[in-house]
Amino acid sequence: MASGPILQKAIDMVTKATEEDRNKNYEEALKLYEHSVEYFLHAIKYEAQGDRAKDSIRNKCMQYLDRAEKLKTYLKKGKKKPVKTGEENSKNEDKKSDSGDSDTDSDPEKKKLQSKLEGAIVIEKPDVKWSDVAGLDGAKEALKEAVILPLRFPHLFTGKRIPWKGILLFGPPGTGKSYLAKALATEANNSTFFSVSSSDLVSKWLGESEKLVKNLFELARSHKPSIIFIDEVDSLCSSRSDNESESARRIKTEFLVQMQGVGTDNEGILVLGATNIPWVLDSAIRRRFEKRIYIPLPEEPARVIMFKLHLGSTAHTLSEEDFKKLASATEGYSGADISIIVRDALMQPVRQVQTATHFKRVRGPSPNDHSVIVDDLLTPCSPGDPAAIEMNWMEVPGDKLFEPPVTMKDMLKSLSTTRPTVNEEDMSKLEKFKEDFGQEG
């Protein structure tokens, strides 16, 4: 199983936990076991590929949770000797542990649901800043107003002046709704950020889905200030109908109650939803998203910035005029479409290296250290070039290849093969929804 950075961190943490456990540093071991489970749950959501990998990680989580519970019971009751790691026949000990009088131990089902949801907490910030999001100034200002300002200046939001409790980001796919949420997770340093989808909240077991919704909001209240980001919120909260299942109806009811029901305290909690098809949302859910912000297709100036952002530090020969021409030629393209154009263009020099039959020697920065200029680098060239050397890419030493820069020709070639993904029918529906219920982002 491939190990991503989050999964690797979890493995490292659990290795330390078992070491501390063996050395009888039980308090430290308990903390490390609990943190490692959080990282494992996060890895299930973002890194594990396939059901077998996910099941394997879940089984590990159950083992470490079980050990953590036994250590917690030992530390709490001051037993002389904790239950041995991995002990199988410990039913009597478990019964004694379960007879404890703590509130947490008295409801193991609630604990199990909350431990499942803790995987939705974004532990490591995505490192996306407001400046990384091209355009969308209205949406950025609304999110700053709802989250950043109340965190920095809580005295401004007293009495009748209260921050927004629900914000809906809607617009065509690929326009940056989820990217905005990543920026918010990075910028809201003191907030707990929950990133959930319908798969986190829908269960095959009767009655468990609504309990997961309830526990999600309870977790958010216990970690205030909190932001609950629900991507593709339409899959959870579509319009209620007579032919829908009882479980779907109950999830929506619980969601409505938790967002703004009698007796619920949502101070310090923002629910942030994102959808490409807002017209299917239930009207009661739509009302609870007090601020509904339209995230449109990028304007021409924003498209110029997007081309530059996606090229990044890659060597290229494009001028400012070239960027403007590309932006002008991509009317109707989303940010995701532009990302695909640039990614394809970035591969053109690689394809040039693969198909080249001749290379020539040039002077340039060393591939291993750009601060060092060397003379004997090799770059693809035409067979008719006076300095051409007949060879293929397999004969070029790994540290001697000079990367051909991305050119306007490469960009235009990629543009000619990439079509926009947003159609007119969806755009007209989104415009209608914006006129009826939304505001410009």
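Residues numbered from 1 in each chain as written. Predicted model: local features only at pLDDT ≥ 70, side-chain atom pairs only at ≥ 80, totals over all residues. Heavy atoms only, no water.

For the protein, an unreviewed UniProt entry supplies the name vesicle-fusing ATPase and the organism Nasonia vitripennis. In its Subcellular location (unreviewed entry) section, the UniProt record describing the protein reads: "Late endosome membrane". (UniProt positions renumbered as here; feature names shortened; annotations may be inferred.)

J.: Tell me about the packing of aromatic side chains, and name the residues and values.
T.: Evaluated as defined, the whole model comprises 6 aromatic pairs. Residues Phe170 and Tyr294 carry aromatic rings whose centres are separated by 5.4 Å and whose planes lie at 35 degrees to one another, so their mutual orientation is tilted. Highlighted residues: Phe170 in strand β1 (residues 166-170) and Tyr294 in strand β5 (residues 291-294), separated in sequence by 124 residues. Overall, the relative accessible area of 0% leaves Phe170 in the buried class. (Phe/Tyr/Trp six-rings, centres within 6.5 Å; stacked < 30°, edge-to-face > 60°. Helix = DSSP H or I, 4+ residues; strand = E, 2+ residues; numbered from the N terminus. Buried < 20%, exposed > 50% of the residue type's maximum accessible area, 1.4 Å probe, protein only.)

J.: Could you give an account of the pattern of salt bridges, with specific residues and numbers?
T.: With the rule as written, the count across this model stands at 12 salt bridges. A salt bridge links Glu141 to Lys144, with the shortest nitrogen-to-oxygen separation between them at 3.6 Å. In this pair, Glu141 and Lys144 both sit in helix α7 (residues 137-152), 3 residues apart, roughly one turn of the helix. Classification of Glu141 by relative accessible area gives partly exposed; the value is 46%. (Salt bridge = Lys/Arg side-chain N within 4 Å of Asp/Glu carboxyl O.)

J.: How would you summarise the sheet that holds strand β7 (residues 373-380) if you had to cite specific residues and measurements?
T.: Neighbouring strands of a sheet are bound in pairs by backbone hydrogen bonds; such pairs are parallel or else antiparallel. An order of β7-β6-β8 is seen for the 3 strands of this open sheet, with the pairing classed as antiparallel. Taken across any chain shown, the strands that pair with only one partner, and hence form the sheet edges, are β7 and β8 (389-390). (Pairing = 2+ DSSP bridges.)

J.: I'd like a rundown of the packing of helix α13 (residues 300-311) against helix α14 (residues 320-329), residues and numbers included.
T.: Remark: α13 packs on α14, axes separated minimally by 8 Å, with the N-to-C direction vectors making an angle of 120 degrees. The two elements α13 and α14 cross, and the hand of that crossing is right-handed. Listed contacts from α14 to Glu300, Arg303, Val304, Phe307, Lys308 and Leu311 of α13 are Glu320, Phe323, Lys324, Leu326, Ala327 and Ser328. Split into classes, the residues belonging to the contact of α13 with α14 amount to 6 nonpolar, 1 polar and 5 charged. (Axes fitted to C-alpha atoms, helices over the stretch in contact; angles between N-to-C directions. Left-handed = near helix turned anticlockwise from the far one by under 90°. Contact = heavy atoms within 4.5 Å. Nonpolar A, V, L, I, M, F, W, Y, C, P; charged D, E, K, R; others polar.)

J.: Describe α13, and please don't skip the residues or the numbers.
T.: End to end, α13 covers 17 Å across 12 residues, agreeing with the expected 16 Å (1.5 Å per residue, within 8%). Along α13, the positions that sit buried rather than exposed are Ala302, Arg303, Val304, Met306, Phe307 and Leu311. Elements in contact with the buried residues of α13: α14, α15 (335-355) and α16 (408-416). Positioned one or two residues after α13, Gly312 has a phi angle of 60 degrees, which is positive. (Expected span 1.5 Å × (residues − 1).)

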